[in-house]
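Coordinate inspection notes
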2 protein chains.
Amino acid sequence: MRPDLLSRVLSLLPDSGTRPEYQQYHEMLRDYPQRGGKGIRSELLLASARAHGVGQETPEWEAALWLAAALELFQNWVLIHDDIEDDSEERRGQPALHRLHGVPLAINAGDALHAYMWAAVHRADVPGTMPEFLNMIHHTAQGQHLDLCWVEDRRWDLVEDDYLEMVRQKTAYYTVVIPLRLGALAAGVAPSEQFTPAGLALGTAFQIRDDVLNLAGDAAKYGKEIGGDLLEGKRTMIVLHWLRTAPDAQRQAFLTQMGLNRPDKDLQMVADIHRWLLESGSVNYAQDYAHAQAEEGLALLSQAFQHAPDQVAAAEMLAAMRELATREA
Amino acid sequence: MRPDLLSRVLSLLPDSGTRPEYQQYHEMLRDYPQRGGKGIRSELLLASARAHGVGQETPEWEAALWLAAALELFQNWVLIHDDIEDDSEERRGQPALHRLHGVPLAINAGDALHAYMWAAVHRADVPGTMPEFLNMIHHTAQGQHLDLCWVEDRRWDLVEDDYLEMVRQKTAYYTVVIPLRLGALAAGVAPSEQFTPAGLALGTAFQIRDDVLNLAGDAAKYGKEIGGDLLEGKRTMIVLHWLRTAPDAQRQAFLTQMGLNRPDKDLQMVADIHRWLLESGSVNYAQDYAHAQAEEGLALLSQAFQHAPDQVAAAEMLAAMRELATREA
């Protein structure tokens, strides 16, 4: 995220305490934001605000920056809890927070960061934004529940529509729909109704692109372990499509590995499965689907911004959205 | 909690969903509120609102009820996460949520319930209440961090002031200080500055009373397992006072047991320690301390309400606070 946004996020967090325990607590709150995410959602919100006519150095721009800080805080508290829920080892190249401090302290730090997200919403003081954040959490938690249920119950009898429902709820609202809407609200404008279908399509394209990069990306550019999703047993469109078409022996080998806990998995077999997936048509199938979703979303979005006050900013935003859905990292 | 308040809480939570996974998610959100807590904090808030002149069936009363619902939602999401952090087995006579559904789904449900707490604050629409909830979470999370750190580091080299700091942060703000303040704000009145020292003293008295009941209470009345805190290794004023005065052999036996994980503890030895604690003067010492704190808090509170518009309601509230600090269950 941009440095001035990080400073804004950190300015909300507590930073004094006589006891060493409190200092540790404050460091835990600052840890994930300081690891530096890409700031995709906050940039989209700011781009939407500019396209809606918000000029730099206005009170509306200041409010948009607080809303952007709130989105970053959302992302960070959710990641702390997600990392526990998935028992992830790493986050942004360093050990996950619960691996550093244990699960109890990390749950508590995530809860506190959640509250500071609301502090940022409060600071922005833009009418109509509280329901947007409530709606965002509702969808994200519902999608997360779906995903976690399938892991818990070791379910693989899923179809592509199941995946799409999960991704819309869990990723598309907080990544695209809500940032677009918050940008409008920061400008004092009612959000276009087309932001929802546009955002759901683009959010889906964004997530499928992420799934593709995780399997077939360039490790140096992507920054995460290639194949990590496979090892974690993530339900992706690629895997669900492949399960429908794979030879019986391959499908059986896959289901056997997915029935094992992560430390018990046969890494050579997982590497074979990885290769089968890459050699199948399923990566291309998912990429084509993502491409179509991106085009659909971009068309809706460019319609929605047709009469936006700042057409230069609107065009930049559309280009950035296209880049996100087709990115290499 | 009173039935109309429970209905209000439930009315905020999602209750439709075509997928069985979503139905499970909705049931998880409703589970803890429906198990029925005592509603201590919401009742205190409502009593404070009445004493400040809020009459039944007014818009201010309606707002106070939404704030009371928000306090109940706070209590419930915190309990879901606390139960994971302490790995508790039971809550209100039934298995803890994470024992029913696993840790990942329970963390996620707690996060969603946290968001619905803010939905209730939003519905109340009373100026100045968002910072109160932020402040409440800040103190509670900070106190929780302190408590969890000591457990994580197996620290017993603590003095009574450490305990008092932890209890003020973790319990007193959300149990007394903030409910008193929210009652004033619901009436459109600036909260008395004396609510903070009064609430810290009364909150401390309340928690020490709870610690005493947990060791020496009547199981039938108290409703929780007597000695449960001891088995969980809770840092209480009673234990910290006793550690300073106990014979060396008893202290050593205690520290040995506390160094073991719960399943490895020697239950006969824990029962012996329980008896030593009851036979020592430490229970009385803590009870006397709680008594003095209660008197100090009640004196401050009765001063603060000296000119309150509804003196009958103020007197009832003071009597209820006295009852809480001296209760048998």
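Rules of the game
Residues numbered from 1 in each chain as written. Chains lettered and ligands numbered in written order. Predicted model: local features only at pLDDT ≥ 70, side-chain atom pairs only at ≥ 80, totals over all residues. Heavy atoms only, no water. Helix = DSSP H or I, 4+ residues; strand = E, 2+ residues; numbered from the N terminus. Rg over C-alpha atoms; globule rule 2.2 N^0.38 Å. Contact = heavy atoms within 4.5 Å. Areas by Shrake-Rupley, 256 points an atom, 1.4 Å probe, with all protein chains shown as cover. Buried < 20%, exposed > 50% of the residue type's maximum accessible area, 1.4 Å probe, protein only. Polar contact = N/O pair within 3.5 Å; in protein donor to acceptor, adjacent residues only side chain to side chain. Least-squares fit on C-alpha atoms with pLDDT ≥ 70 in both. Expected span 1.5 Å × (residues − 1). Bend = angle between axes of the 7 residues up to and from the residue. Salt bridge = Lys/Arg side-chain N within 4 Å of Asp/Glu carboxyl O.

Turning our attention to the overall build of chain A. Helix and strand content of chain A: 16 helices and 2 strands. Here the C-alpha radius of gyration of chain A, 20 Å, is about what a compact globule of 329 residues would show, namely 20 Å. With the C-alpha coordinates aligned to their principal axes, the bounding extent of chain A is approximately 60 × 55 × 35 Å. For chain A, contacts bridging at least 24 residues in sequence account for 73% of all contacts bridging at least 6. Carbon and sulfur atoms form 50% of the exposed surface of chain A, whose accessible area is close to 13000 Å².

Once that is clear, we can look at the side chain of D210(B). Residues and elements named next belong to chain B. Structurally, the position occupied by D210 is in helix α9 (residues 195-216). The class for D210 is buried, based on a relative accessible area of 15%. At 3.0 Å, the side chain of D210 forms a polar contact with the side chain of R327.

A few words on the relation of the copies chain B and chain A. With an RMSD of 0.0 Å, the operation that places chain B on chain A is a rotation of 180° combined with a shift of 0.0 Å along the axis. In symmetry terms, the pair is related by a two-fold rotation axis. Here 100% of the contact residues of chain B are again contact residues in chain A; the copies associate through an equivalent surface.

Residues and elements named next belong to chain A. When the terminal C-alpha atoms of helix α2 (residues 20-35) are compared, their 22 Å separation across 16 residues agrees well with the 22 Å that a helix rising 1.5 Å per residue should span. Along α2, the largest kink reaches about 30° and is centred on L29; proline P33 follows within four residues of it. In the segment just after α2, G36 is the residue with positive phi, at about 80°.

When charged atoms on two side chains of opposite charge get close, those side chains can pair. With the rule as written, the count across this model stands at 40 salt bridges over all chains. Through salt bridges with shared partners, a single ionic network connects R19(A), E21(A), R155(B), D157(B) and D162(B).

Before going further, it helps to spend a moment on unusual backbone geometry. Residue and element names in this part refer to chain A. If you check the backbone angles, E57 has positive phi at about 65° while not being a glycine. Its identity as a non-glycine residue notwithstanding, R154 has a phi of 50°, on the positive side. Within the secondary structure, R154 is located in the loop between α7 (129-152) and α8 (160-186). Judged by relative accessible area, R154 falls into the partly exposed class, the value being 42%.

Residue and element names in this part refer to chain B. Over its 24 residues, helix α7 (residues 129-152) runs 34 Å from end to end, which matches the ideal 34 Å to within 8%, given 1.5 Å per residue. Here α7 lies mainly inside the structure; 20 of its 24 residues are buried. Positive phi appears at R154, one or two residues downstream of α7, with a value of about 50°.

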